[in-house]
Amino acid sequence: MGAGQLLTIYLIVSISIAGTESSPTTVNGTQGQSVSLPPGIPVRPDIADVDWNRVSTRNTIVKYSKGSVTYFGTEEYKRRITLHLGNFSLEIRDLRREDSGDYEVIFTTGSGDEKKSTVWLQLYEPVSGIDIKLQSTGTCVLKLTCSVTSGEPTSFQWWRGGTAVKNDSIHHLLGHGEMVEVHLTAEILDVVYKCEAKNLVSKGTNEFRLKNTCQRGTTESSRTTIAATATVAIAATATRSMLQKMTLMVGLPVLGVILIAPLIVILVIKCRRRAAGRETSSNTEEPEASDTIYANVVRRENCHNNRQHAEENKRDMDEHCVGTYESPPFQAPRTMYC
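Report on the accompanying structure. (Residues numbered from 1 in each chain as written. Predicted model: local features only at pLDDT ≥ 70, side-chain atom pairs only at ≥ 80, totals over all residues. Heavy atoms only, no water.)

**What about the nonpolar core?**
Applicable threshold: The criterion is simple. A nonpolar core is a set of buried Ala, Val, Leu, Ile, Met, Phe, Trp, Tyr and Cys residues joined through side-chain atoms within 4.5 Å. Each residue gets one of three labels from its accessible area relative to the maximum for its type: buried under 20%, exposed over 50%, partly exposed in between, using a 1.4 Å probe on protein chains only. Secondary structure elements are defined from DSSP: runs of H or I of at least 4 residues count as helices, runs of E of at least 2 residues count as strands, and each element is numbered from the N terminus. We call two residues in contact whenever any of their non-hydrogen atoms come within 4.5 Å of each other.
Ranked by internal contacts, the top residues of the largest apolar core, which has 23 residues, are Leu37, Trp52 and Leu90. The set of elements that each furnish at least two residues to this core consists of strand E2 (35–37), strand E3 (47–54), strand E4 (59–65), strand E6 (81–84), strand E7 (89–92), strand E8 (101–109) and strand E9 (114–124). For Leu37, the residues in contact, after removing those within four places along its chain, are Val27, Trp52, Ser89, Leu90, Ile92, Tyr103, Val119 and Leu121. Core analysis: the next-biggest nonpolar cluster, separate from the first, contains 20 residues, Val127, Val180, Leu184 and Cys195 among them.

Now the structure itself:
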């Protein structure tokens, strides 16, 4: 076999292999929503089998064979997928981060021929929580910064009124477009700047109303007055809540002092009155005690003297009671005892 024949055979085989597998198709999906993966291969009447597989895990998702459909995986996963027999597309509902990746579909004809197609599923979070912050960087120079809480990767576009903001004498875009530096050259009233954040599956906007006056003085010591008011209700609500909390923190201790101070003064006055009353009662009770003691002593002395007088009288009576008693003339003398 000559070299020319070998080259011809190689080209035929290469063309045949290339025809069995189409180029990968990219599909963008949003987390939490549904997506349909196309097979990328025309549907033919002689198709006998269709297999959808995950390339990264080498797991079979669903298999169609001669009119019968079989789903694989957990029960929860099988409830989220559906094979549409009209075009053999694969629908996935309630998309999750782990669903992102490459999928493979294989068509087999009745004669045994196979054709493959690959689909790449790219998932994105929907853009949400768009916020604009203001920063003063110099005399009559402001910087606006746009940010999101979810939805990466995100691209940003600034608008002033209905005109897209670009780099010019007034505006200077910074970073990846999320920041814009504004140079104020004249008095500006009610200027609205809008930030648009978006990715491949969603977008969102937020506005910032700039009310400011820029006055340039003739000397270096002149100052610039810049007043900016944002129309973000969350910031206003947070400020009011903070003021209410500060009022409670300061007012409650002051109210407590006002209520407790009179009670303390009343208690001190009562304690002093009680102490003074005790001293007075002790002073008045001491003379009574001494008088009582003196009365007891005098009473005892009187009792002792009376007892002595009684004893003396008794001795006198004893001495005089025993003796001879002379009877009257008509009676005989007799002895008497007391």
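On we go from here.
**Considering the state of the cysteines**
The cut-off we apply is this: In plain terms, two cysteine sulfur atoms within 2.5 Å form what is called a disulfide here.
Per the stated rule, a full pass over the model turns up one disulfide. Here Cys146 is linked by a disulfide to Cys195, with a sulfur-sulfur distance of 2.0 Å. Between Cys146 and Cys195 the disulfide shows an S-S torsion of about -90°. By sign, it is left-handed. Here the residue Cys146 occupies a position in strand E11 (residues 141–147), and Cys195 occupies one in strand E16 (residues 188–198), the gap between them amounting to 49 residues.

**Topic: the sheet that holds E6**
The condition that has to hold: By the convention used here, strands pair only if DSSP detects at least 2 bridges between them. Axis lines are fitted to C-alpha atoms, over the contacting stretch for helices. Their N-to-C directions set the angle, which ranges from 0 to 180 degrees.
Spatial strand order, E2-E7-E6: three strands in an open sheet with antiparallel pairing. Each edge of the open sheet is held by one strand with a lone partner, namely E2 and E6. Geometrically, the sheet is characterised by an average inter-axis angle of 25° between neighbouring strands, direction not taken into account.

**Description of the packing of aromatic side chains**
Working definition: an aromatic ring pair is given by the centre-to-centre distance plus the angle between the planes. Keep this limit in mind: Stacked, tilted and edge-to-face are the three classes applied to pairs of Phe, Tyr and Trp rings, where Trp contributes its six-membered ring and a pair requires centres within 6.5 Å; stacked means planes under 30 degrees apart, edge-to-face means over 60, and tilted covers the rest. In this scheme, Lys NZ or Arg CZ marks a charge over a ring once it lies within 6 Å of the ring centre and within 35 degrees of the ring normal.
In the structure shown here, the tally under the stated rule is two aromatic pairs. Ring geometry for Phe88 against Phe107: centres 5.9 Å apart, planes inclined by 90°, an arrangement best described as edge-to-face. Within this pair, whereas Phe88 is found in the loop between E6 and E7, its partner Phe107 is found in strand E8, the two being separated by 19 residues in sequence. Of the two residues, Phe88 and Phe107, both sit in the buried class. Feature note: the residues Tyr64, Phe88 and Phe107 constitute an aromatic cluster, connected by ring pairs. Over the ring of Tyr103 we find Arg54, and its NZ or CZ is 4.5 Å from the ring centre. Above the face of the Trp159 ring, Lys194 is positioned so that its terminal group lies 5.9 Å from the ring centre.

**Side note on empty space enclosed by the protein**
Heads up, the rule is: Cavity means a closed set of points on a 1 Å grid over the protein atoms alone, one where a 1.4 Å probe fits but cannot get out, pocket means an open set with protein on both sides within 12 Å along at least 5 of 7 lines, and lining means a residue has an atom within 4 Å of a point. Grid points are joined across faces, edges and corners, and a volume is the space filled by probe spheres set on the points. By the convention adopted, Pro, Cys, Tyr, Trp, Phe, Met, Ile, Leu, Val and Ala count as nonpolar, Lys, Arg, Asp and Glu as charged, and the other residues, Gly among them, as polar.
Throughout the structure, instances matching the rule amount to one cavity of 30 Å³ or more. Reported here for the largest cavity is a volume of approximately 40 Å³. What lines the largest cavity is simply Ile41, Pro42, Arg44, Ile47, Phe107, Thr109 and Lys115. Classifying every residue of the lining of the largest cavity gives four nonpolar, one polar and two charged.

**Topic: the pattern of salt bridges**
Put simply, the test is: Any Lys or Arg side-chain nitrogen found within 4 Å of a carboxyl oxygen on Asp or Glu counts as a salt bridge.
Counted according to the given criterion, the structure contains ten salt bridges. Taking the shortest distance from any N to any O, the salt bridge between Asp99 and Arg80 comes out at 3.0 Å. One end of the pair, Asp99, is in the loop between E7 and E8; the other, Arg80, is in the loop between helix H2 (75–78) and E6, and 19 residues separate them in sequence. Classification of Asp99 as buried rests on a relative accessible area of 2%. For Arg80, a relative accessible area of 7% gives the class buried. Here Glu125 makes a salt bridge to Arg97, at a shortest N to O gap of 3.6 Å.

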